[in-house]
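Here is how the chains run, residue by residue.
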Amino acid sequence: MKLFKTCFLVALLCLFFSCKSEEQTKTMDKPNIVWVMLEDISNDFECYGMPAVKTPTFNALAEEGTLYYNCYGTASICSTNRSAMMVGAHQRLTNTQHHRSNRDEPLSAPFQPFTYLLKQEGYTNILGHKNVMKKGRKIDVNFKHKPIGNWEKDYGLFDKFDEFTADDQPFFAQIQLAVTHRGDWWSDVREQSKHPVNPADVQLPPEYADHPAIRLDWAKYLDQIEYADNEMKMLIEELKAKGIYDNTIIIVIGDNGRCNIKGKGYLFDPGSRIPLIVKWPKGYEHDKESQQIIASTDITATILDIAGVELPDYLTGQSFIDEHFDRKNVYSFRGLWDEIPEQVSSITGDRFRYIRNDKPEIPYDAHQGYLEWYRPAVHVMRTLEKEGKLNDIQQRWFASSKPVEELYDFINDPNETQNLVNNPEYKNVLLKMREEALEMDKKMTPVSNVYNPKPVPGLAAVNFVKEHYPEDYQRMVDGEEIGHKKFSKLYKRHLAKEKKTISEIKIDSSI
């Protein structure tokens, strides 16, 4: 009898460990996922045809995997598009469509971050990397969250910081390459480059005046992209050294378009079209047409699909490796950005882009505080506009208002210089896309009307520089980035000193 019990227990244990082993093997067979997100970048790698820039690492990834040409953000501002990608649902639907708003408001049911769904499927979620600039930990989403923790207990999105190991498999790693974001480091990166981009070699779009300061600014932007290419090389070498490269999908994406005229914050092509390169793991190769239209939320759905997660019904994104994927267009929305309360909807198809400006009284050049620091081209061109030295295309940026509607044929007019709204030949296109935009506005009606934006200084800090540091302000007007971080600190000290003085006056008056 004892022998029978012993044999039974041994058999039971064998069965248990056999099932456990099969479960572990199944989990280990899942591919790792490395999501590399660059900030403020359009399709400006060398492999996309951008002149003057060298991106051998991104070129090689595109050659090994798939280079997608028509990926668009559902928003053109970082936190709103990131919010959409973190959930896989359009930011307007989830009420995360206003930049850095509702940060203390939990996501409404049934929405959940996709990292939570990956964790349920056995993935380790990793944020950042110890060897990239600023450690790559940026999340920047418009709902209540914390970087590390348990989503159900404390709204945590990731499990650990900075390093992926073989023991973490399968893992999802989100790594931010912050260098391409406008910052005070741009000049330093250029100075340290062994081969800085020659401003004479850059090709400016027609909406830019051909001016030395604007050429230099564009060259600096390309210098940052080359720096990011070196960071990408480092990440790939680490994956290979750890023996996990072959079983890892690498997704390279931008969070929104380049931070310049018609770019970040606007729904024109340079603001909404973002790079997408996917290096597939063995067995997951995707040979579909690289020209297919993809929304940023589709990338989220594709990640979940690859990981074996059953796609939630609330997703507005679709898996583009699914044989039934057939996106016809992308609906994008621009809401509040700092102190500018915009409301813009757009529909982008395979040839035409429709834009509806619900606040046409707000001009393109709205003198937004943040952009005063980070768009040298605008400062230079304001001066040229006053001097009557801009052509018709360049002058449009400084009009006192925007058209209510815009329609562009970006295949035949890639720089979107000809608004076709009043062209009778395109009446049917206009009517169709107008209706599509209105339909999506209704479909993406926010689930909540909570609205708690983050206060920002706006132009106050810029006016402080103008008043107290006129020589530096003139450098800004001449097209030089004078250092946002430095002068923000000076402005905050100024406010603290003023507050202290007012407090002392009140005390004296009460005595």
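As shown above, the structure is provided for reference.
Residues numbered from 1 in each chain as written. Predicted model: local features only at pLDDT ≥ 70, side-chain atom pairs only at ≥ 80, totals over all residues. Heavy atoms only, no water.

Q: It is not clear to me how the overall build of the protein should be interpreted in this structure. Could you clarify?
A: Along the backbone of the protein there are 16 helices and 14 strands. A compact globule built from 511 residues would reach a C-alpha radius of gyration of about 24 Å, and the protein, at 25 Å, matches this within 12%. Dimensions of the protein, computed from C-alpha atoms along their principal axes, come out at roughly 100 × 75 × 50 Å. Across the 511 residues in the protein, those meeting the buried criterion constitute 56%. In the protein, of all internal contacts separated by at least 6 residues, the share reaching a separation of at least 24 is 73%. For the protein, the exposed area adds up to about 23,500 Å²; of that, 51% sits on carbon and sulfur atoms. (Helix = DSSP H or I, 4+ residues; strand = E, 2+ residues; numbered from the N terminus. Rg over C-alpha atoms; globule rule 2.2 N^0.38 Å. Buried < 20%, exposed > 50% of the residue type's maximum accessible area, 1.4 Å probe, protein only. Contact = heavy atoms within 4.5 Å. Areas by Shrake-Rupley, 256 points an atom, 1.4 Å probe, with all protein chains shown as cover.)

Q: Honestly, the packing of aromatic side chains in this entry has me stumped. Any pointers?
A: Both the distance between ring centres and the angle between the ring planes are used here to describe each pair of aromatic rings. Tallied over the entire structure, the rule returns 28 aromatic pairs. With centroids separated by 5.1 Å and ring planes inclined at 75 degrees, the aromatic side chains of Phe114 and Phe172 adopt a geometry described as edge-to-face. Taken as a pair, Phe114 in helix H4 (residues 114-120) and Phe172 in strand E7 (residues 171-177) lie far apart in primary sequence, 58 residues in all. When its relative accessible area of 0% is taken as the criterion, Phe172 is described as buried. Across from the ring centre of Tyr245, 4.9 Å away, lies the NZ or CZ of Lys240, which sits over that ring. Of note, Lys279 hangs over the ring of Tyr245, and the distance from its end group to the ring centre comes to 4.1 Å. (Phe/Tyr/Trp six-rings, centres within 6.5 Å; stacked < 30°, edge-to-face > 60°. Lys NZ or Arg CZ within 6 Å of the ring centre and 35° of its normal.)

Q: Could you clarify how one ought to interpret the packing of helix H2 (residues 56-64) against helix H7 (residues 212-241) in this entry?
A: A pair of packed helices is captured by two measures, namely the crossing angle of their axes and the spacing between those axes. Taken N-terminus to C-terminus, the directions of H2 and H7 make an angle of 60 degrees; their axes are 7 Å apart at the nearest point. Taken together, the axes of H2 and H7 lie oblique to each other. On H7, the residues touching Pro56, Thr57, Phe58 and Leu61 of H2 are Ile225, Ala228, Asp229, Met232, Lys233 and Ile236. Its residues placed into classes, the contact of H2 with H7 shows 7 nonpolar, 1 polar and 2 charged. (Axes fitted to C-alpha atoms, helices over the stretch in contact; angles between N-to-C directions. Parallel < 35°, antiparallel > 145°, perpendicular 65-115°, else oblique. Nonpolar A, V, L, I, M, F, W, Y, C, P; charged D, E, K, R; others polar.)

Q: When you look at the sheet that holds strand E6 (residues 160-161) in this model, what are you seeing that I'm missing?
A: The pairing of strands in a sheet comes from backbone hydrogen bonds and takes either a parallel or an antiparallel form. A sheet is described by the order of its strands in space; here 8 strands give the open sequence E6-E3-E7-E1-E8-E9-E2-E10, paired in mixed fashion. Each of the sheet's edge strands pairs with one partner strand only, and the pair in question is E6 and strand E10 (294-295). Relative to E10, strand E2 (residues 66-72) runs parallel, the two being bridged by 2 bridges. Each bridged residue has a counterpart across the sheet, and for Cys71 the counterpart in E10 is Ile294. Each of strand E1 (32-38), E2, strand E8 (248-254) and strand E9 (273-279) is contacted by H2, which is oriented at about 65 degrees to E9, the strand it contacts most. In the packing of H7 onto the sheet, contacts are made with E1, E7 and E8, and the angle to E8 comes to roughly 165 degrees. (Pairing = 2+ DSSP bridges.)

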